[in-house]
Amino acid sequence: MNIQIPCPNCGARPIQEFIYGEIPVVPETLTDADARDLDRAFMRNNVEGVSAERWFHTYGCRRWLTLQRDTRNDQIYAE
Amino acid sequence: MNEFVERKIELQWHEPKRSYDVVIVGGGGHGLATAYYLATRHGITNVAVLERKYIGSGNSGRNTTIIRSNYGIPEAVRFYQRSVELYQNFESETDRWVMHKRKGLLWVAHTEAGVRAERARAEVNTAFGARTEFVTPQQIKEICPQIDLTGGGVWPVLGASYHLDGASARHDRVVWALAEGAMRRGVHVHQRTAVTGLLKDGDRVVGVETERGPIAASLVVSAVGGHVTALAAMAGVRLPIRTHPLQAFVTNHYALAFDQMVASSSLLFYASQTARGEMLIGAEIDRQPSYSYQSGHHFLQSCGFRAMTLLPFLRDLRILRQWTGVCDMSPDYSPIMGESGAPGFYLTTGWGTWGFKAIPAGGEQMAELIATGKTPALIAPFSLNRFAQDRTMADRGSAGTH
Amino acid sequence: MPALEPMIATRIVATPAALDAVAWPAVAVVLRVAPDEVIVLADVGQDLILPYDLHAIVVAETGLASVWLATAEALDFLERACEWELPRQRPAFAQGAVAGLPLKLWFETGRVLFIVPAPFAADLEERLA
């Protein structure tokens, strides 16, 4: 299977043209400033399901885009 | 009997009890090894291993079966060397043939920086008990005549570290030997028993909720691969884990002997020959996190191309099959073992792309922690709180490809 | 075997509205590589864009190499080496990975311009051969 990412500037392209970028989400329940720093630096939600993420189209327009991807099956939903 | 005919493994079947002293979640190598060493070293047998599919169905059955200890930092060399030694005695200890074979591992450098890294690796390994030496291109050619020292004219081979204790073993036989050894001593292994939640008493974890009902436990150990973030979250523990796919493939039978294993950090692949004569080739992880086991043609194209750069004979072989596993990557490319911060809940995770080689030592050390309540010195550096304490065990250069 | 030549071009980064408004020289090919960026295949000064966007960035783009191929020849190569759908209308611009290289393509009636970053010029020549 080849995963395609819909680039708003260039059209649908294979995932290999893009670089993955994460959107770190620190849980709101963490209130201590040090704990939030630690969480932001190291901890990950590692979502098993649909997650919002950033991709950089390095082979094309060289711009970032945001999309939703289901990490269970790599189905992509454009935002 | 033909030695290649599978020996029938004898697993006893049990109904889950209402409670155990120790419940281990995850029936892969690490979970079963923990149970095995609890039973054999500490006489703790009121133990259940819960596996959501069948034993070894996760990464224990998907890895590329390399055993080595040529890591880049002292703590890791000591730990993996313990594992290498336990593997060397594994067959006599378990009385099961797991096709363990010492092969030697060539880690090839193509740049001046790479040469420095491999020289440093040889020094650190020697200083902390692993047998690794730096070898010149001429010596490489003697060890592995198939290598193209010009690297296809693009990646010239400038040297390599040669890890003499590099070995391999049949991965599912390791899993079965551990399961059998543990069960023979009274451990329960429950397959097709998915854990759906944790039983809590305040902050303390006091058992697990399963498809087959709740099971109480004095201690719950997560030896889960791939889904550990969700399990730990139920205990209120945040993990620095991202789960990435890693793909590998095997070719058809290669008629000559390829005795050693070959790896290249620049070309991001490693190759070895299976007992059947197939060439087994793996690569680095996919860049995006995912739990998908989907394999792709792109990987074959790029990894095959890179492998042929160094090993031109691969050109004449055909790819028979490929598969994917998912790797729990930690930020510093080192495992996470020990206390989780939540009472009653221990972790052995972050096994990324280096889990198989660590099965015996990981199991042995986790068993000691469970039995004594004290973190053994060998795994103390790998505790989860190292991230909060700013003492990460950064060793990407040793783990990136394997 | 087609040989790639260094290109004379100008890269302009400005607001999308400004790039939409500019009257480009009729002879120049204008590649809209992103909403806020164009590569003009000519040596154009900043006077063209500054009236529309005072903060526009205009630099001579010297890092590209290119070659024109006849449509039949180009499509023959692209059918083998390109995994994504090519534009049907003419003229048209497309960009993405072709044969593992970051390519920009300008389709005209009868011919196609292949553009790569200059360090990849030799690789593209090798793949086209």
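Keep in mind that what you see is a predicted model, and the values were worked out from it rather than measured. (Residues numbered from 1 in each chain as written. Chains lettered and ligands numbered in written order. Predicted model: local features only at pLDDT ≥ 70, side-chain atom pairs only at ≥ 80, totals over all residues. Heavy atoms only, no water.)

Account for the overall build of chain A, with residues named and values stated.
Looking only at helices and strands, chain A features one helix and six strands. Along chain A, helices and strands appear, N-terminal first, in the series β-β-β-α-β-β-β. Its C-alpha atoms give chain A a radius of gyration of 15 Å, clearly above 12 Å, the size a compact globule of 79 residues would have. With the C-alpha coordinates aligned to their principal axes, the bounding extent of chain A is approximately 45 × 25 × 20 Å. Relative to its 79 residues, chain A shows a buried fraction of 39%. Here the contacts in chain A between residues at least 6 apart in sequence split such that 44% fall between residues at least 24 apart. For chain A, the exposed surface amounts to about 4,200 Å²; the carbon and sulfur share of it is 50%. Between the averaged position of the 9 positive side-chain charges in chain A and that of its 12 negative side-chain charges there is a distance of 9 Å. (Helix = DSSP H or I, 4+ residues; strand = E, 2+ residues; numbered from the N terminus. Rg over C-alpha atoms; globule rule 2.2 N^0.38 Å. Buried < 20%, exposed > 50% of the residue type's maximum accessible area, 1.4 Å probe, protein only. Contact = heavy atoms within 4.5 Å. Areas by Shrake-Rupley, 256 points an atom, 1.4 Å probe, with all protein chains shown as cover. Lys, Arg positive; Asp, Glu negative; His and termini not counted. Charge placed at Lys NZ, Arg CZ, Asp CG, Glu CD.)

Break down the domain arrangement of chain C for me, with residues and values.
Often the size quoted for an interface is simply the accessible area lost on bringing the parts together. Residues and elements named next belong to chain C. Taken domain by domain, chain C consists of domain 1 (5-61) and domain 2 (64-128). On a C-alpha basis, the centroid separation for the pair domain 1 and domain 2 is 21 Å. With eleven residues of domain 1 at the interface, the matching set in domain 2 holds ten residues. Together, the buried faces of domain 1 and domain 2 total about 900 Å²; carbon and sulfur atoms form 69% of this surface. Its largest share of buried area at the contact with domain 2, domain 1 owes to Met-7, Leu-31 and Val-33, together 47% of the area lost on that side. On the surface where domain 1 and domain 2 come into contact, there are zero salt bridges. Our count for the contact surface shared by domain 1 and domain 2 stands at three residue pairs in polar contact (both at pLDDT 80 or more). Per-element tally for the side of domain 1 that touches domain 2: the top contributor is strand β3 (residues 30-34), with four residues. Its residues assigned to classes, the side of domain 1 that touches domain 2 comprises eight nonpolar, no polar and three charged. (Domains from an automatic or database assignment. Buried area = accessible area lost by both parts, 1.4 Å probe. Salt bridge = Lys/Arg side-chain N within 4 Å of Asp/Glu carboxyl O. Polar contact = N/O pair within 3.5 Å; in protein donor to acceptor, adjacent residues only side chain to side chain. Nonpolar A, V, L, I, M, F, W, Y, C, P; charged D, E, K, R; others polar.)

Give a detailed account of helix α1 (residues 29-42) of chain B, specifying residues and quantitative values.
Residues and elements named next belong to chain B. In this model α1 runs 19 Å from its N-terminal to its C-terminal C-alpha over 14 residues, within 8% of the 20 Å that 1.5 Å per residue would give. Along α1, eleven of the 14 residues are buried, which leaves the element largely enclosed by surrounding structure. The complete set of buried residues in α1 reads Gly-29, His-30, Gly-31, Leu-32, Ala-33, Thr-34, Ala-35, Tyr-36, Tyr-37, Leu-38 and Ala-39. One or two steps after α1, the chain reaches Gly-43, where phi turns positive at roughly 65°. (Expected span 1.5 Å × (residues − 1).)

Any chance you could break down the sheet that holds strand β2 (residues 9-13) of chain C for me, citing the residues and the numbers?
Residue and element names in this part refer to chain C. Taken in spatial order, the four strands make up an open sheet running β3-β4-β2-β5, and their pairing is antiparallel. The strands lining the two open edges of the sheet, one partner per strand, are β3 and β5 (57-61). Within this sheet the neighbouring strands show an average axis-to-axis angle of 20°, counted without direction. Bridge count between β2 and strand β4 (residues 37-40): four bridges; the pairing is antiparallel. Counted as the bridge partner of Val-13 is Glu-37 from β4. (Pairing = 2+ DSSP bridges. Axes fitted to C-alpha atoms, helices over the stretch in contact; angles between N-to-C directions.)

So what about the pattern of salt bridges? Which residues, and what values?
Taken as a whole and judged by the stated rule, the model has 26 salt bridges over all chains. Of the charged contacts in the structure, one is a salt bridge between B:Arg131 and B:Asp165, with a shortest N-O distance of 2.9 Å. With B:Arg131 in the loop between α4 (112-127) and β6 (132-135) and B:Asp165 in the loop between β7 (159-163) and β8 (167-168), the pair connects residues that are 34 residues apart, well separated along the chain. One salt bridge in this structure joins B:Asp172 and B:Arg170, with 2.9 Å as the shortest N-O distance. A relative accessible area of 29% means that B:Arg170 is categorised as partly exposed. One continuous salt-bridge network, built from bridges that share partners, spans A:Arg63, C:Arg11, C:Asp36, C:Glu37 and C:Glu61.

Give me the lowdown on the interface of chain A and chain B, citing residues and values where you can.
Between chain A and chain B, the residue contacts involve 26 residues of the former and 22 residues of the latter. Linking chain A with chain B are two salt bridges, by the criterion used here. Between A:Asp39 and B:Arg238 there is a salt bridge, with its nearest N and O atoms 2.6 Å apart. For the pair chain A and chain B, the number of links is 14 residue pairs in polar contact (both at pLDDT 80 or more). For the side of chain A that touches chain B, the secondary structure elements donating two or more residues are β3 (18-21) and α1 (33-41) of chain A. The greatest single-element share of the side of chain A that touches chain B, amounting to three residues, is contributed by β3(A). Here the residues of the side of chain A that touches chain B sort into 13 nonpolar, six polar and seven charged.

Tell me what's going on with the confidence of the model for chain C, and back it up with residues and numbers.
Any residue range with low pLDDT should be treated as having predicted coordinates unsuitable for detailed reading. Here chain C averages 94 in pLDDT, and 99% of its residues register 70 or above. Reported confidences for the modelled complex are a pTM of 0.92 and an ipTM of 0.93. (pLDDT = per-residue confidence, 0-100.)

A description of helix α6 (residues 171-184) of chain B should follow, citing residues and the corresponding values.
All names here are of chain B. For α6, spanning 14 residues, the distance from its first C-alpha to its last is 20 Å, which sits close to the expected 20 Å at 1.5 Å a residue. Within the sequence span of α6, burial applies to His-171, Asp-172, Arg-173, Val-174, Val-175, Ala-177, Leu-178, Ala-179, Glu-180, Gly-181, Ala-182 and Met-183. On its buried face, α6 sits against α1, α2 (74-88), α3 (90-94), β9 (188-190) and α9 (359-372). Two residues or fewer after α6 comes Gly-186, characterised by a positive phi angle close to 110°.

Just give me the short version of the packing of aromatic side chains, but keep the residues and values in it.
Residue and element names in this part refer to chain B. Following the criterion strictly, the structure yields 15 aromatic pairs over all chains and no others. Seen in terms of ring centroids, Phe-249 and Phe-299 are 6.0 Å apart; in terms of plane orientation they differ by 70°. Their pairing is edge-to-face. Taken together, the residues span a long stretch of sequence, with Phe-249 in strand β13 (residues 242-253) and Phe-299 in helix α8 (residues 297-310) at a distance of 50 residues. On the accessibility criterion, Phe-249 (2% relative accessible area) is buried. Note on Phe-258 and Phe-313: the rings are 5.7 Å apart at their centroids and 45° apart in plane angle, and the pair reads as tilted. Note that Phe-258 is positioned in the loop between β13 and β14 (261-264) and Phe-313 in the loop between α8 and β17 (319-329), a separation of 55 residues in sequence. (Phe/Tyr/Trp six-rings, centres within 6.5 Å; stacked < 30°, edge-to-face > 60°.)

Residue-level account of the sheet that holds strand β3 (residues 66-67) of chain B, with values.
All names here are of chain B. In spatial order, the strands read β3-β8-β4; together these three strands make up an open sheet with antiparallel pairing. Every interior strand has two partners, whereas the edge strands, β3 and β4 (101-102), have only one. Summarising the sheet, β3 and β8 pair through two bridges and their orientation is antiparallel. Within the sheet, the bridge partner assigned to Ile-67 lies in β8 and is Ala-167.

Tell me about the state of the cysteines, and please be specific about residues and values.
Within the structure shown, the criterion is met by zero disulfides over all chains. Here A:Cys61 stays unpaired: no disulfide links it, and the sulfur of A:Cys7, its closest cysteine neighbor, is 3.7 Å away. A relative accessible area of 2% means that A:Cys61 is categorised as buried. Free of any disulfide, B:Cys144 has its nearest neighbouring cysteine sulfur in B:Cys303, separated by 16 Å. On the basis of relative accessible area, B:Cys144 is assigned to the buried category, the value being 0%. (Disulfide = S-S within 2.5 Å.)

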